[in-house]
Amino acid sequence: MLPAVLSPTAGFFDGPAKWLSQAADHLYGNFLAWLLIAAGIWFTVRTRGVQLRLFGQMLRAIAGSRDGDAGISSFQAFTIGLASRVGTGNIVGVALAITLGGPGAVFWMWVVALVGMATGFIEATLAQLYKIPHPEGTFRGGPAYYISRGLGSKAWASVFAVVITFVFGFAYEATQANAISGVMMGTFDVSPQWTAIILVLITAPVVFGGITAVAKIAEWMAPIMAGVYALLAIVVLVIHASAIPDAMMSIIEGAFGIDQAFAGVAGGFVAAALNGIKRGLFSNEAGEGSVPNAAATATVAHPVQQGLVQSFGVFVDTIIVCTATALIVLLSGVYSPESTLAMGEAAAKEASSTLTSSSIGAVLGGWSEYLMAAIIFVFAYSSLLGNYTYAQVNVDFLLGLGRKRDTRTDTVMVYALRAMIVVAAGIGAVASLDFVWNLSDVVMGLMAIINIVAIVLLGKWAFGALIDWEVQRRLLNAGEISEIRFVAEDNPHLPGPLPGEVWSKANAGRHTPE
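Remember, it's a predicted structure, so these values are computed and weren't measured experimentally.

Within the chain one finds 20 helices and two strands. Considering the chain as a whole, with its 514 residues, one finds that 63% of them fall into the buried category. A fraction of 85% describes how many contacts in the chain between residues 6 or more apart in sequence connect residues 24 or more apart. In the form shown here, the chain has an accessible surface area of approximately 18,000 Å², with 67% of it arising from carbon and sulfur atoms.

For the rest of this paragraph, the subject is the nonpolar core. Buried together is how nonpolar side chains tend to be arranged in soluble globular proteins. Counting 134 residues, the largest nonpolar core has L126, Y146 and Y229 as its most contacted members. The element that contributes the greatest number of residues to this core is helix 20 (residues 433-477), accounting for 22 residues. Not counting residues within four places of it along the chain, the set of residues in contact with Y229 comprises I91, V321, T325, I328, T356, I360, M372, I375 and F379. One finds V94, A95, L237 and Y335 within the second-largest nonpolar core, a separate group that totals 30 residues.

The next thing to look at is the pattern of salt bridges. Summed over the entire model, instances satisfying the criterion amount to six salt bridges. With a shortest N-O distance of 2.7 Å, D396 and R140 are connected by a salt bridge. Here D396 is found in helix 18 (residues 367-399), whereas its partner R140 is found in strand 2 (residues 139-140), with 256 residues between them in sequence. Assessed through its relative accessible area of 16%, D396 is described here as buried. Overall, the relative accessible area of 3% leaves R140 in the buried class. In this structure, R485 engages E483 in a salt bridge whose closest nitrogen and oxygen atoms are separated by 2.3 Å. With a relative accessible area of 19%, R485 lands in the buried category.

A few words on empty space enclosed by the protein. With the rule as written, the count across this model stands at two cavities of 30 Å³ or more. Counted as a void, the second largest cavity has a volume near 40 Å³. If you trace the second largest cavity, you find it lined by L36, V112, V115, G116, T119 and A286. At four residues, helix 6 (residues 104-129) tops the list of elements feeding residues into the lining of the second largest cavity.

This brings us to helix 6. Given a rise of 1.5 Å per residue, 26 residues ought to cover 38 Å, and the 38 Å separating the end C-alpha atoms of helix 6 matches this to within 8%. Of all the bends in helix 6, the greatest, near 40°, is centred on G116. Counting buried positions over the 26 residues of helix 6 gives 25, a clear majority of the element.

Looking now at the packing of aromatic side chains. Applying the stated criterion to the full structure yields 13 aromatic pairs. Relative to W108, the ring of F107 has its centre 5.3 Å away and its plane inclined at 85°; by these criteria the two rings are edge-to-face. Under the relative-accessibility criterion, F107 is labelled buried at 18%. Between Y145 and F397 the ring centres are 5.0 Å apart and the planes differ by 70°, which places this aromatic pair in the edge-to-face class. Within this pair, whereas Y145 is found in helix 7 (residues 143-150), its partner F397 is found in helix 18, the two being separated by 252 residues in sequence. Taken as a pair, Y145 and F397 share a single burial class, namely buried.

On to helix 11 (residues 244-255), then. What sets the pattern is the α-helix's 3.6 residues per turn: residues three or four places apart point alike. Taking 1.5 Å of rise per residue, 12 residues should cover 16 Å, and helix 11 covers 17 Å from first to last C-alpha, within 8% of that figure. For helix 11, the set of buried residues is A247, S250, I251, G254 and A255. All buried residues of helix 11 lie within an arc of 130° about the axis, which places them on one face of the element. Away from its buried face by more than 90 degrees, helix 11 exposes P245 and D246. With its phi angle positive at about 70°, G257 sits one or two positions after the end of helix 11.

On to unusual backbone geometry, then. Phi angles above zero are rare outside glycine, and R48 is one such case at about 55°. Within the secondary structure, R48 is located in the loop between helix 1 (14-46) and helix 2 (50-53). A positive phi angle, close to 55°, is found at D490, a residue other than glycine. Looking at where D490 falls in the secondary structure, it is placed in the segment after helix 20. For D490, a relative accessible area of 71% puts it in the exposed group.

Take the confidence of the model for the chain next. Do not read the predicted coordinates in detail wherever pLDDT is low. Mean pLDDT over the chain works out to 83, with 84% of the residues at or above the 70 mark. Considering only residues more than four positions removed or in separate chains, one finds that residues 1-8, a stretch of pLDDT under 50, has 29 contacts. Every residue in residues 262-266 scores below 50 in pLDDT, and together they form 22 contacts with partners more than four places removed in sequence or on other chains.

On to the environment of L364, then. Turning to its location among the elements, L364 is positioned in helix 17 (residues 355-364). Its relative accessible area of 18% is what places L364 among the buried residues. For L364 and V235, which are 129 residues apart along the polypeptide, the C-alpha to C-alpha distance reads 8.5 Å. Apart from residues lying up to four places away in sequence, L364 is in contact with L232, V235, V236 and I239.

For the rest of this paragraph, the subject is the packing of helix 8 (residues 154-188) against helix 20. Interaxial distance between helix 8 and helix 20 falls to 9 Å at its minimum, and their mutual angle equals 155°. Put simply, helix 8 runs roughly antiparallel to helix 20. The handedness of the crossing between helix 8 and helix 20 is left-handed. Looking at the contact of helix 8 with helix 20 residue by residue, the class counts come to 20 nonpolar, four polar and no charged.

How each quantity is defined
Residues numbered from 1 in each chain as written. Predicted model: local features only at pLDDT ≥ 70, side-chain atom pairs only at ≥ 80, totals over all residues. Heavy atoms only, no water. Helix = DSSP H or I, 4+ residues; strand = E, 2+ residues; numbered from the N terminus. Buried < 20%, exposed > 50% of the residue type's maximum accessible area, 1.4 Å probe, protein only. Contact = heavy atoms within 4.5 Å. Areas by Shrake-Rupley, 256 points an atom, 1.4 Å probe, with all protein chains shown as cover. Core = buried A, V, L, I, M, F, W, Y, C linked by side-chain atoms within 4.5 Å. Salt bridge = Lys/Arg side-chain N within 4 Å of Asp/Glu carboxyl O. 1 Å grid on protein atoms, 1.4 Å probe; cavity = no way out; pocket = protein on both sides within 12 Å on 5 of 7 lines; lining within 4 Å. Points joined across faces, edges and corners; volume = space filled by probe spheres on them. Expected span 1.5 Å × (residues − 1). Bend = angle between axes of the 7 residues up to and from the residue. Phe/Tyr/Trp six-rings, centres within 6.5 Å; stacked < 30°, edge-to-face > 60°. Arc of directions from axis to C-beta. pLDDT = per-residue confidence, 0-100. Axes fitted to C-alpha atoms, helices over the stretch in contact; angles between N-to-C directions. Parallel < 35°, antiparallel > 145°, perpendicular 65-115°, else oblique. Left-handed = near helix turned anticlockwise from the far one by under 90°. Nonpolar A, V, L, I, M, F, W, Y, C, P; charged D, E, K, R; others polar.

Rendered as structure tokens:
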């Protein structure tokens with residue numbers, strides 16, 4: 001039976017958690033899930049399957065983006081996005097999806113990721129097109145910026161900025177802290193209160209150091225944590241290699257409610273689809289409007305370069321990391337629908353925080369649970385730091401929107417955000433798992449709806465940038481040009497003049513060559 005991990009203060013959040021759960025189910029089941037998939041299919045068709053057709057170029061973009069002349073490199077922006085993407089959603093989130101929706105939920109995570117790669121490409125490219133320079137030598141951009149500058153709606157841009165600031169300044173930070181608290185209690189018997197204190201002490205210095213400090217830490221932390229976890233996953237999968245086909249079959253059958261033995265607590269097709277889509281979006285963030293905030297900070301020669309880089313991040317997050325986690329859970333023998341049903345839904349949800357660690361421990365031995373505890377800690381902590389970047393970018397937008405700048409007010413707002421993040425880390429550590437995940441689902445859904453509508457309306461700009469990049473790539477391969485650079489002025493592939501001077505002829509030379 002799965003080990004239950006319940007916070008002593010969890011009962012305080014039961015009422016709000018139940019209401020948030022109902023709201024999230026209605027939001028995703030009746031609208032958002034289908035909007036996400038429809039948008040992903042639309043972008044896939046319009047870009048002629050960019051996520052498949054240019055997959056090799058994504059790898060080349062990652063390999064050639066490590067260094068830049070100044071500011072944040074394309075690789076650093078990628079790792080900031082990866083730090084936020086690859087986190088608790090890949091470990092606790094996958095376990096939670098399987099617990100509530102059965103193995104079939106993993107299939108719907110794949111669907112969200114595959115079409116989401118095209119969505120991620122579009123939103124990251126738009127973030128680059130509409131970015132603005134920042135005094136610290138980097139750039140700022142994202143949905144708030146392309147809604148304001150591209151659609152001319154400062155009101156909706158402000159609404160989005162406020163929502164995402166709360167999502168990444170509080171809700172997601174609380175979720176990451178909760179994951180750390182769960183594994184610390186389940187593995188080391190450390191109380192949530194002590195975990196809260198520790199998180200506050202180690203988060204405050206980094207967050208108050210600003211975006212540049214976060215980028216420097218994420219640059220090495222994200223790849224290392226993903227590498228160590230991948231190594232453990234490979235060992236587990238090799239040991240149980242012969243059982244992988246059966247596990248994959250249970251995912252396919254469960255996705256459509258064919259195998260009722262693996263239907264999960266809620267049962268059937270609806271549970272698999274609903275939980276898979278919710279957890280898939282939380283994990284890879286495609287279409288959500290979060291990663292574009294990191295994508296915009298990169299110094300690149302062409303907007304499409306960062307679009308390809310961030311699209312690849314969706315693939316890494318879900319198709320590789322989440323699938324590895326799912327197979328670990330299904331192959332270990334720790335998870336079974338019968339034990340989940342016997343525990344009851346509430347206890348099963350809490351137990352999912354340590355399900356992946358327990359699964360690895362069952363295969364490799366008890367020592368590996370301690371290593372997994374460390375990995376989950378690093379996953380969640382790096383995500384916590386990456387989330388700060390998104391909130392800060394949107395606070396910068398709100399501070400510069402339609403008013404005379406006041407240095408003292410700006411400073412107060414920035415430090416208030418950083419203080420909120422530290423507080424969220426403390427509260428999340430002692431809150432119930434049900435509360436923090438449902439809160440994140442609801443506010444994330446509202447944010448995603450605004451962003452998806454915006455990128456569908458602005459998609460023609462990203463399509464034009466992609467055509468420009470492909471034309472230049474053919475000329476580069478033919479030896480007619482020496483490098484790919486984007487210039488918006490008089491660009492025949494764009495639907496009109498692009499606002500701002502970032503991509504003007506005068507500034508084109510300031511971007512690092514591809």
